[in-house]
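Spelled out from the first residue to the last, the chains are:
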Amino acid sequence: SLDRLMSIFMDVDATGGGGSPGGPDTTKPTLVAAGDDQPVLSEGGMLTARFTETLDANSIPTAGITVNVNGFPRALSAQAIIGSAFTCQVAGPIGYTDAITFAYDATLVNNAIKDLAGNTLNTIAATTVANNTVPAIGPTRACKGRLRLQ
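Model, not experiment: these values are computed from the prediction.

## Examining the overall build of the protein chain
And then number 1: Each helix and strand in the protein chain was counted, giving 1 helix and 10 strands.
And then number 2: When the helices and strands of the protein chain are read in sequence order from the N terminus, they spell out α-β-β-β-β-β-β-β-β-β-β.
And then number 3: Considering the protein chain as a whole, with its 150 residues, one finds that 31% of them fall into the buried category.
And then number 4: Within the protein chain, contacts between residues separated by at least 24 positions form 58% of all contacts whose residues are at least 6 apart in sequence.

## Things to note about the sheet that holds strand E4 (residues 72–74)
And then number 1: Pairing is mixed in the open sheet, where 8 strands are placed in the order E4-E3-E7-E8-E1-E2-E6-E5. The sheet is open, and its two edges are formed by E4 and strand E5 (76–82), each paired on a single side. Neighbour-to-neighbour, the strand axes of the sheet open up by a mean angle of 30°, direction not taken into account.
And then number 2: Judged from the 3 bridges that link them, strand E1 (residues 40–42) and strand E2 (residues 46–50) form a sheet pairing that is antiparallel. Bridge assignment links Val-40 to a residue of E2, and that residue is Thr-48.

## Looking at the pattern of salt bridges
And then number 1: Applying the stated rule across the entire model yields 1 salt bridge.
And then number 2: The salt bridge partner of Asp-37 is Arg-50, with a shortest N-O separation of 3.8 Å. Taken together, the residues span a long stretch of sequence, with Asp-37 in the loop between helix H1 (2–14) and E1 and Arg-50 in strand E2 at a distance of 13 residues.
And then number 3: Given a relative accessible area of 39%, Asp-37 falls into the partly exposed group.

Cut-off values and rules
- Residues numbered from 1 in each chain as written.
- Predicted model: local features only at pLDDT ≥ 70, side-chain atom pairs only at ≥ 80, totals over all residues.
- Heavy atoms only, no water.
- Helix = DSSP H or I, 4+ residues; strand = E, 2+ residues; numbered from the N terminus.
- Buried < 20%, exposed > 50% of the residue type's maximum accessible area, 1.4 Å probe, protein only.
- Contact = heavy atoms within 4.5 Å.
- Pairing = 2+ DSSP bridges.
- Axes fitted to C-alpha atoms, helices over the stretch in contact; angles between N-to-C directions.
- Salt bridge = Lys/Arg side-chain N within 4 Å of Asp/Glu carboxyl O.

This is the structure in structure tokens:
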């Protein structure tokens, strides 16, 4: 019956990605650290980290997030939360062979990242970020009928 279907829908919807059916969402969001949704740095220095739940768009922290490139921290700007993703711009040039990590220290934040139910994100140890930048190709010139990269 329609009432039974609505009851099932309400029970599933009320879990909000965690908790017991019909109960409150008590599950904290976690970082997706592997596979297609692992943290990634795209061309232009935009980092995207995806989480297991939709995040509160107003829970952008002003501290606690560290992005290292070859072991050295980089400044971040343009931080945003869109759906289940945190994005930010990583400062400075980043080469396609650079090693990048993302970390989050929940003890340093005054506005913790949280899901829509208010469950806050736990501290995340340094996690490898997929570096999807492309190698720079320098100018070319012809040399005895062959193309040579400089």
